[in-house]
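Summary of structural features
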Amino acid sequence: MSRKSGRNEGEASVVRAGTVAIIGRSNVGKSTLLNAALELPLAVVSRRPQTTRTPLLGIVRHGDAEIGFLDTPGLHKAESRLGREMNRSARDAVRDADVILFVIALPPTVKGDVRPHPGDLALLRDLPSDKPVVLVVNKIDTLRDKRLMLPLLSTLSQSFADSGGSESTAERRFAAVVPVSARTVDGVDRVLEEVARVLPEGGPRHDEDALTDRPMRHFAAEYVREAILRATSDEVPHAVAVTIDEYIEPSREGEVTRVSATIHVEREGQKRILIGEKGAMLKRIGIEARARIEALVGSQLHLALWVRVTEDWRERTESLADFGLLARAERT
Ligand SMILES: Nc1nc2c(ncn2[C@@H]2O[C@H](COP(=O)(O)OP(=O)(O)OP(=O)(O)O)[C@@H](O)[C@H]2O)c(=O)[nH]1
Ligand SMILES: [Mg+2]
(Lines give C-alpha, C1' and ligand atoms only; values in the text may rest on other atoms or scores of the structure.)
(Ligands and ions follow the chains in the order given, each with its own letter.)
Protein backbone atom coordinates (compact mmCIF):
# COMPACT_ATOMS: atom_id res chain seq x y z
CA MET A 1 0.00 0.00 0.00
CA SER A 2 1.28 3.47 -0.86
CA ARG A 3 1.51 6.48 1.33
CA LYS A 4 -1.12 9.20 0.98
CA SER A 5 -0.05 10.97 4.12
CA GLY A 6 2.30 10.53 7.04
CA ARG A 7 5.98 11.05 7.50
CA ASN A 8 8.24 11.00 4.48
CA GLU A 9 11.11 13.32 5.09
CA GLY A 10 13.65 11.79 2.77
CA GLU A 11 14.50 14.06 -0.08
CA ALA A 12 18.07 12.86 -0.36
CA SER A 13 18.74 9.65 -2.28
CA VAL A 14 18.86 6.54 -0.11
CA VAL A 15 22.31 5.34 0.93
CA ARG A 16 21.29 3.31 4.00
CA ALA A 17 18.41 0.86 4.11
CA GLY A 18 17.25 -2.04 6.19
CA THR A 19 14.74 -3.70 8.48
CA VAL A 20 14.35 -2.70 12.10
CA ALA A 21 12.47 -5.21 14.29
CA ILE A 22 10.47 -3.55 17.07
CA ILE A 23 10.65 -6.10 19.88
CA GLY A 24 9.46 -6.28 23.47
CA ARG A 25 6.84 -7.52 25.91
CA SER A 26 3.14 -6.97 25.26
CA ASN A 27 1.71 -3.55 25.94
CA VAL A 28 4.99 -1.64 26.14
CA GLY A 29 3.85 0.53 23.20
CA LYS A 30 5.56 -1.01 20.17
CA SER A 31 2.64 -0.38 17.82
CA THR A 32 2.13 3.13 19.18
CA LEU A 33 5.80 3.76 18.42
CA LEU A 34 5.44 2.50 14.85
CA ASN A 35 2.47 4.83 14.34
CA ALA A 36 4.43 7.74 15.81
CA ALA A 37 7.33 7.02 13.45
CA LEU A 38 4.96 6.86 10.47
CA GLU A 39 2.94 9.86 11.69
CA LEU A 40 -0.06 7.76 10.76
CA PRO A 41 -2.19 5.45 12.97
CA LEU A 42 -1.65 2.42 10.72
CA ALA A 43 -1.15 -0.26 13.41
CA VAL A 44 -3.85 -1.41 15.81
CA VAL A 45 -3.23 -0.18 19.35
CA SER A 46 -5.14 -1.12 22.50
CA ARG A 47 -4.69 -1.21 26.24
CA ARG A 48 -5.05 -5.02 26.17
CA PRO A 49 -2.05 -7.34 25.95
CA GLN A 50 -1.46 -9.33 22.74
CA THR A 51 -3.06 -6.75 20.49
CA THR A 52 -0.64 -7.23 17.58
CA ARG A 53 -0.90 -10.71 16.11
CA THR A 54 1.29 -10.59 13.01
CA PRO A 55 4.35 -8.51 12.10
CA LEU A 56 3.56 -5.25 10.33
CA LEU A 57 6.00 -3.41 8.08
CA GLY A 58 5.94 0.38 8.09
CA ILE A 59 8.42 2.22 5.86
CA VAL A 60 9.89 5.58 6.87
CA ARG A 61 12.26 7.72 4.80
CA HIS A 62 14.49 9.75 7.08
CA GLY A 63 17.25 11.84 5.50
CA ASP A 64 19.25 9.46 3.31
CA ALA A 65 17.92 6.37 5.10
CA GLU A 66 15.03 4.05 4.30
CA ILE A 67 13.89 2.47 7.56
CA GLY A 68 11.66 -0.60 7.32
CA PHE A 69 10.17 -0.83 10.80
CA LEU A 70 8.69 -4.23 11.59
CA ASP A 71 6.22 -4.06 14.47
CA THR A 72 5.88 -7.50 16.09
CA PRO A 73 3.56 -9.29 18.53
CA GLY A 74 4.55 -8.82 22.17
CA LEU A 75 6.68 -11.69 23.47
CA HIS A 76 4.68 -13.43 26.20
CA LYS A 77 4.03 -16.75 27.93
CA ALA A 78 1.84 -18.38 25.31
CA GLU A 79 -1.27 -20.24 26.38
CA SER A 80 -2.55 -21.17 22.93
CA ARG A 81 -1.27 -22.27 19.56
CA LEU A 82 -2.02 -18.75 18.33
CA GLY A 83 0.18 -17.34 21.12
CA ARG A 84 3.02 -19.65 20.15
CA GLU A 85 2.73 -18.58 16.49
CA MET A 86 2.79 -14.91 17.57
CA ASN A 87 5.95 -15.42 19.63
CA ARG A 88 7.54 -17.34 16.76
CA SER A 89 6.80 -14.55 14.28
CA ALA A 90 8.45 -12.02 16.63
CA ARG A 91 11.53 -14.24 16.93
CA ASP A 92 11.63 -14.67 13.14
CA ALA A 93 11.60 -10.88 12.83
CA VAL A 94 14.59 -10.62 15.19
CA ARG A 95 16.47 -13.16 13.11
CA ASP A 96 15.74 -11.39 9.80
CA ALA A 97 16.29 -7.80 10.96
CA ASP A 98 19.33 -5.62 10.40
CA VAL A 99 18.73 -3.67 13.60
CA ILE A 100 16.79 -4.46 16.80
CA LEU A 101 14.70 -1.82 18.52
CA PHE A 102 14.18 -3.26 21.99
CA VAL A 103 11.25 -1.47 23.65
CA ILE A 104 10.50 -1.42 27.36
CA ALA A 105 7.98 0.74 29.21
CA LEU A 106 8.07 2.52 32.54
CA PRO A 107 5.58 1.02 34.99
CA PRO A 108 2.35 3.00 35.52
CA THR A 109 3.13 4.06 39.10
CA VAL A 110 6.64 4.71 40.30
CA LYS A 111 7.71 5.10 43.91
CA GLY A 112 11.42 5.79 44.16
CA ASP A 113 13.79 4.34 41.58
CA VAL A 114 12.34 2.51 38.59
CA ARG A 115 13.30 -1.17 38.66
CA PRO A 116 13.62 -3.27 35.50
CA HIS A 117 10.83 -5.75 34.82
CA PRO A 118 12.13 -9.36 35.15
CA GLY A 119 10.53 -10.16 31.78
CA ASP A 120 12.52 -7.36 30.11
CA LEU A 121 15.76 -8.65 31.64
CA ALA A 122 15.03 -12.16 30.36
CA LEU A 123 14.37 -10.88 26.83
CA LEU A 124 17.48 -8.71 26.97
CA ARG A 125 19.67 -11.75 27.62
CA ASP A 126 18.22 -13.46 24.52
CA LEU A 127 18.90 -10.63 22.07
CA PRO A 128 21.30 -11.52 19.24
CA SER A 129 24.87 -10.35 19.62
CA ASP A 130 25.57 -9.94 15.90
CA LYS A 131 23.42 -6.85 15.21
CA PRO A 132 22.98 -3.37 16.66
CA VAL A 133 20.41 -3.07 19.46
CA VAL A 134 18.81 0.29 20.24
CA LEU A 135 17.08 0.41 23.64
CA VAL A 136 13.88 2.47 23.72
CA VAL A 137 12.42 3.33 27.12
CA ASN A 138 8.79 4.25 26.44
CA LYS A 139 6.01 5.99 28.39
CA ILE A 140 8.29 8.63 29.93
CA ASP A 141 5.25 10.94 29.99
CA THR A 142 4.15 8.96 33.07
CA LEU A 143 7.26 9.96 35.05
CA ARG A 144 7.47 13.47 36.45
CA ASP A 145 11.02 13.23 37.82
CA LYS A 146 13.06 11.85 34.90
CA ARG A 147 16.09 11.32 37.18
CA LEU A 148 14.29 8.31 38.72
CA MET A 149 14.93 6.56 35.40
CA LEU A 150 18.73 6.67 35.64
CA PRO A 151 19.26 3.57 37.83
CA LEU A 152 17.00 1.64 35.42
CA LEU A 153 19.12 2.65 32.43
CA SER A 154 22.36 1.64 34.13
CA THR A 155 20.94 -1.73 35.31
CA LEU A 156 19.76 -2.52 31.78
CA SER A 157 23.06 -1.50 30.20
CA GLN A 158 24.93 -3.62 32.75
CA SER A 159 22.68 -6.66 32.20
CA PHE A 160 23.15 -6.32 28.47
CA ALA A 161 26.93 -6.07 28.87
CA ASP A 162 26.95 -9.16 31.12
CA SER A 163 24.74 -11.16 28.77
CA GLY A 164 27.47 -11.59 26.15
CA GLY A 165 28.66 -14.78 27.88
CA SER A 166 32.21 -15.87 28.52
CA GLU A 167 32.99 -16.62 24.84
CA SER A 168 32.52 -13.04 23.76
CA THR A 169 35.61 -10.92 23.83
CA ALA A 170 34.00 -7.52 24.22
CA GLU A 171 31.14 -6.39 26.45
CA ARG A 172 27.91 -5.80 24.59
CA ARG A 173 26.66 -2.24 24.43
CA PHE A 174 23.46 -0.69 23.18
CA ALA A 175 23.97 1.26 19.95
CA ALA A 176 21.88 3.96 21.70
CA VAL A 177 19.48 4.39 24.62
CA VAL A 178 16.49 6.59 23.80
CA PRO A 179 13.78 7.59 26.31
CA VAL A 180 10.53 8.36 24.48
CA SER A 181 6.85 8.89 24.80
CA ALA A 182 5.31 7.21 21.78
CA ARG A 183 1.95 8.61 22.85
CA THR A 184 3.06 12.26 22.80
CA VAL A 185 5.65 11.61 20.01
CA ASP A 186 8.42 12.88 22.29
CA GLY A 187 11.87 11.50 21.39
CA VAL A 188 10.68 9.69 18.26
CA ASP A 189 12.88 11.79 15.97
CA ARG A 190 15.88 10.67 17.98
CA VAL A 191 14.86 7.04 17.49
CA LEU A 192 14.90 7.65 13.71
CA GLU A 193 18.31 9.35 13.95
CA GLU A 194 19.89 6.54 15.98
CA VAL A 195 18.41 3.78 13.85
CA ALA A 196 19.40 5.48 10.58
CA ARG A 197 22.97 5.75 11.87
CA VAL A 198 23.38 1.98 12.30
CA LEU A 199 21.50 0.74 9.22
CA PRO A 200 23.56 -1.09 6.61
CA GLU A 201 24.71 0.85 3.57
CA GLY A 202 22.70 0.24 0.44
CA GLY A 203 20.05 1.54 -1.91
CA PRO A 204 16.29 1.52 -1.36
CA ARG A 205 14.45 -1.79 -0.94
CA HIS A 206 10.97 -0.35 -1.50
CA ASP A 207 9.23 2.10 -3.84
CA GLU A 208 9.67 5.73 -2.88
CA ASP A 209 6.07 6.21 -1.74
CA ALA A 210 5.60 2.70 -0.26
CA LEU A 211 4.08 2.67 3.21
CA THR A 212 3.68 -1.04 3.92
CA ASP A 213 3.55 -4.37 2.12
CA ARG A 214 0.03 -5.21 3.30
CA PRO A 215 -3.04 -4.55 1.12
CA MET A 216 -5.92 -2.35 2.24
CA ARG A 217 -8.15 -5.35 2.97
CA HIS A 218 -5.72 -6.45 5.69
CA PHE A 219 -6.27 -3.15 7.49
CA ALA A 220 -10.04 -3.39 7.00
CA ALA A 221 -9.97 -6.68 8.96
CA GLU A 222 -7.60 -5.23 11.56
CA TYR A 223 -9.76 -2.15 12.20
CA VAL A 224 -12.85 -4.30 12.71
CA ARG A 225 -10.83 -6.24 15.30
CA GLU A 226 -9.65 -2.97 16.85
CA ALA A 227 -13.25 -1.79 17.27
CA ILE A 228 -14.01 -5.11 18.99
CA LEU A 229 -10.96 -4.74 21.29
CA ARG A 230 -12.32 -1.37 22.37
CA ALA A 231 -15.95 -2.43 22.77
CA THR A 232 -15.65 -5.78 24.57
CA SER A 233 -13.87 -7.20 27.62
CA ASP A 234 -12.54 -10.34 29.30
CA GLU A 235 -12.02 -13.26 26.97
CA VAL A 236 -14.00 -11.92 23.98
CA PRO A 237 -11.23 -9.77 22.38
CA HIS A 238 -8.81 -12.70 22.43
CA ALA A 239 -11.38 -15.12 20.98
CA VAL A 240 -12.01 -12.92 17.92
CA ALA A 241 -10.51 -13.19 14.43
CA VAL A 242 -11.72 -11.22 11.42
CA THR A 243 -11.63 -12.27 7.78
CA ILE A 244 -12.63 -10.27 4.71
CA ASP A 245 -15.11 -12.04 2.43
CA GLU A 246 -15.39 -9.28 -0.13
CA TYR A 247 -13.50 -6.05 -0.79
CA ILE A 248 -14.83 -4.20 -3.82
CA GLU A 249 -13.21 -0.94 -4.80
CA PRO A 250 -15.37 1.63 -6.59
CA SER A 251 -15.20 1.39 -10.37
CA ARG A 252 -16.39 4.97 -10.84
CA GLU A 253 -15.95 8.23 -9.00
CA GLY A 254 -18.64 8.83 -6.38
CA GLU A 255 -19.20 5.12 -5.71
CA VAL A 256 -18.47 3.60 -2.29
CA THR A 257 -16.00 0.85 -1.37
CA ARG A 258 -17.91 -2.30 -0.35
CA VAL A 259 -16.50 -4.54 2.35
CA SER A 260 -18.00 -7.67 3.83
CA ALA A 261 -16.25 -9.21 6.86
CA THR A 262 -16.78 -12.24 9.08
CA ILE A 263 -16.03 -12.03 12.79
CA HIS A 264 -15.07 -15.48 14.05
CA VAL A 265 -15.58 -16.33 17.72
CA GLU A 266 -15.08 -19.59 19.56
CA ARG A 267 -18.42 -20.01 21.33
CA GLU A 268 -22.15 -19.17 21.01
CA GLY A 269 -22.00 -17.01 24.16
CA GLN A 270 -19.32 -14.82 22.58
CA LYS A 271 -21.43 -14.49 19.46
CA ARG A 272 -24.39 -13.31 21.55
CA ILE A 273 -22.19 -10.70 23.27
CA LEU A 274 -20.86 -9.41 19.94
CA ILE A 275 -24.29 -9.09 18.39
CA GLY A 276 -25.75 -7.56 21.54
CA GLU A 277 -29.31 -6.55 22.40
CA LYS A 278 -31.18 -6.18 19.08
CA GLY A 279 -27.83 -6.03 17.30
CA ALA A 280 -26.72 -2.90 19.16
CA MET A 281 -23.15 -4.08 19.86
CA LEU A 282 -22.49 -5.16 16.27
CA LYS A 283 -23.87 -1.86 15.04
CA ARG A 284 -21.53 0.09 17.34
CA ILE A 285 -18.54 -1.98 16.18
CA GLY A 286 -19.52 -1.40 12.55
CA ILE A 287 -19.78 2.38 12.97
CA GLU A 288 -16.37 2.62 14.66
CA ALA A 289 -14.60 0.31 12.23
CA ARG A 290 -16.14 2.03 9.20
CA ALA A 291 -14.92 5.47 10.28
CA ARG A 292 -11.42 4.10 10.86
CA ILE A 293 -11.25 2.31 7.49
CA GLU A 294 -12.71 5.31 5.63
CA ALA A 295 -9.96 7.52 7.07
CA LEU A 296 -7.30 5.25 5.57
CA VAL A 297 -9.05 4.55 2.25
CA GLY A 298 -10.01 8.19 1.79
CA SER A 299 -13.47 7.40 0.45
CA GLN A 300 -16.88 6.31 1.72
CA LEU A 301 -17.38 2.73 2.75
CA HIS A 302 -20.22 0.25 3.02
CA LEU A 303 -19.35 -2.32 5.69
CA ALA A 304 -21.33 -5.53 6.30
CA LEU A 305 -20.39 -7.63 9.35
CA TRP A 306 -21.27 -11.26 10.05
CA VAL A 307 -20.56 -13.20 13.25
CA ARG A 308 -19.78 -16.88 13.09
CA VAL A 309 -18.69 -19.55 15.58
CA THR A 310 -15.50 -21.28 14.45
CA GLU A 311 -14.80 -23.61 17.36
CA ASP A 312 -11.29 -23.68 18.82
CA TRP A 313 -9.87 -21.65 15.94
CA ARG A 314 -6.93 -20.53 18.11
CA GLU A 315 -5.70 -24.11 18.44
CA ARG A 316 -6.21 -25.41 14.90
CA THR A 317 -3.57 -25.17 12.16
CA GLU A 318 -6.18 -25.02 9.42
CA SER A 319 -8.08 -22.06 10.83
CA LEU A 320 -4.89 -20.24 11.83
CA ALA A 321 -3.68 -20.66 8.23
CA ASP A 322 -7.03 -19.48 6.83
CA PHE A 323 -6.94 -16.39 9.04
CA GLY A 324 -3.32 -15.55 8.09
CA LEU A 325 -2.07 -16.12 11.64
CA LEU A 326 0.65 -18.71 11.12
CA ALA A 327 4.21 -17.44 11.45
CA ARG A 328 6.05 -17.32 8.08
CA ALA A 329 3.21 -18.78 5.99
CA GLU A 330 1.10 -15.71 6.60
CA ARG A 331 1.89 -13.61 3.57
CA THR A 332 0.56 -15.82 0.83
N1 LIG B 1 1.23 6.80 28.87
C2 LIG B 1 1.63 6.23 27.74
N3 LIG B 1 0.95 5.19 27.24
C4 LIG B 1 1.39 4.63 26.10
C5 LIG B 1 2.54 5.09 25.42
N6 LIG B 1 2.74 4.30 24.33
C7 LIG B 1 1.73 3.41 24.34
N8 LIG B 1 0.91 3.60 25.37
C9 LIG B 1 -0.31 2.83 25.71
O10 LIG B 1 0.05 1.51 26.03
C11 LIG B 1 -0.96 0.59 25.58
C12 LIG B 1 -0.35 -0.48 24.70
O13 LIG B 1 0.11 0.13 23.50
P14 LIG B 1 0.44 -0.74 22.20
O15 LIG B 1 1.14 0.17 21.25
O16 LIG B 1 -0.77 -1.45 21.72
O17 LIG B 1 1.47 -1.77 22.83
P18 LIG B 1 2.22 -3.00 22.11
O19 LIG B 1 3.57 -3.10 22.69
O20 LIG B 1 2.13 -2.86 20.63
O21 LIG B 1 1.33 -4.23 22.62
P22 LIG B 1 1.16 -5.71 21.92
O23 LIG B 1 0.75 -5.50 20.50
O24 LIG B 1 0.08 -6.34 22.75
O25 LIG B 1 2.46 -6.40 22.08
C26 LIG B 1 -2.02 1.45 24.88
O27 LIG B 1 -3.06 1.72 25.79
C28 LIG B 1 -1.24 2.70 24.51
O29 LIG B 1 -2.07 3.84 24.40
C30 LIG B 1 3.24 6.20 25.97
O31 LIG B 1 4.24 6.69 25.46
N32 LIG B 1 2.75 6.72 27.13
MG1 LIG C 1 1.28 -4.03 19.22
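Residues numbered from 1 in each chain as written. Chains lettered and ligands numbered in written order. Predicted model: local features only at pLDDT ≥ 70, side-chain atom pairs only at ≥ 80, totals over all residues.

Counting its regular elements, the protein contains 9 helices and 9 strands. For 332 residues, the compact-globule estimate of 2.2 N^0.38 gives 20 Å, and the protein sits close to it at 21 Å. The principal-axis extent of the C-alpha atoms belonging to the protein is close to 60 × 45 × 40 Å. For the protein, the residues scored as buried account for 38% of the 332 residues in total. In the protein, 71% of the contacts between residues at least 6 apart in sequence involve partners at least 24 apart. (Helix = DSSP H or I, 4+ residues; strand = E, 2+ residues; numbered from the N terminus. Rg over C-alpha atoms; globule rule 2.2 N^0.38 Å. Buried ≥ 20, exposed ≤ 12 C-beta atoms within 10 Å, placed from the backbone. Contact = placed C-beta atoms within 7 Å.)

Here we come to the sheet that holds strand β8 (residues 257-265). Backbone hydrogen bonds hold the strands of a sheet together, and the pairing may be parallel or antiparallel. With respect to topology, 3 strands assemble into an open sheet ordered β7-β8-β9, the strand pairing being mixed. Since the sheet does not close on itself, it has two edges, and those belong to β7 (241-248) and β9 (301-309), each with one partner. Between one strand and the next, the sheet's axes are offset by a mean angle of 20°, whatever the strand orientation. Of the strand pairs in this sheet, β8 and β9 are connected by 9 bridges, and their pairing is parallel. Within β9, the residue paired with Val259 across the bridge is Leu303. (Pairing = 2+ DSSP bridges. Axes fitted to C-alpha atoms, helices over the stretch in contact; angles between N-to-C directions.)

Pairing is mixed in the open sheet, where 6 strands are placed in the order β2-β3-β1-β4-β5-β6. Both edges of this open sheet fall to β2 (56-62) and β6 (176-179), since each of them pairs with a single strand only. Within the sheet, the average angular offset between the axes of one strand and its neighbour, ignoring direction, is 25°. Here 7 bridges tie β2 to strand β3 (residues 65-71), and the two strands are oriented antiparallel to one another. Counterpart to Gly58 in the pairing with β3 is Phe69. Across the sheet, helix α2 (residues 81-96) lies against β1 (16-23), β3 and β4 (99-105), angled at about 150° from β1, the strand it touches most.

Here we come to the site of ligand 1. Close to ligand 1 lie 23 residues; Gly29, Ser31, Thr52, Gly74 and Arg183 are nearest. Tallying contributions element by element places helix α1 (residues 30-38) first for the shell around ligand 1, with 3 residues. (Near = placed C-beta within 6 Å.)

Splitting the protein by domain gives domain 1 (16-198) and domain 2 (216-331). Listed by partner, the interface residues are 14 residues for domain 1 and 16 residues for domain 2. Looking at the side of domain 1 that touches domain 2 residue by residue, the class counts come to 2 nonpolar, 6 polar and 6 charged. (Domains from an automatic or database assignment. Nonpolar A, V, L, I, M, F, W, Y, C, P; charged D, E, K, R; others polar.)

Core analysis: the biggest nonpolar cluster contains 82 residues, and Leu101, Val136 and Val224 have the highest contact counts within it. Both domain 1 (16-198) and domain 2 (216-331) contribute no fewer than three residues apiece to this core. For Val224, the residues in contact, after removing those within four places along its chain, are Val242, Ala261, Ile263, Ile285, Ala289 and Leu305. (Core = buried A, V, L, I, M, F, W, Y, C linked by C-beta atoms within 7 Å.)

This paragraph deals with unusual backbone geometry. Backbone geometry places Gln50, a non-glycine residue, at a positive phi of 60°. Topologically, Gln50 is positioned in the loop between α1 and β2. Its 19 C-beta neighbours within 10 Å are what place Gln50 among the partly exposed residues.

Here the focus is the pairing of strand β5 (residues 133-138). Remember that side chains alternate between the two faces of the sheet whenever the strand is regular. Taken across its 6 residues, β5 has 6 buried, putting it largely inside the fold. Of the two faces of β5, the one carrying Val133, Leu135 and Val137 and the one carrying Val134, Val136 and Asn138 are both buried. In this structure, β4 lies alongside β5, joined through 6 bridges in parallel fashion. Each residue of the ladder has a partner; that of Ile104, found in β5, is Val137. The parallel pair β4 and β5 is bridged by helix α3 (residues 118-126), and the resulting crossover is right-handed. Alignment of β5 against β6, held across 4 bridges, turns out to be parallel. (Right-handed = clockwise from strand over helix to strand, strands pointing away.)

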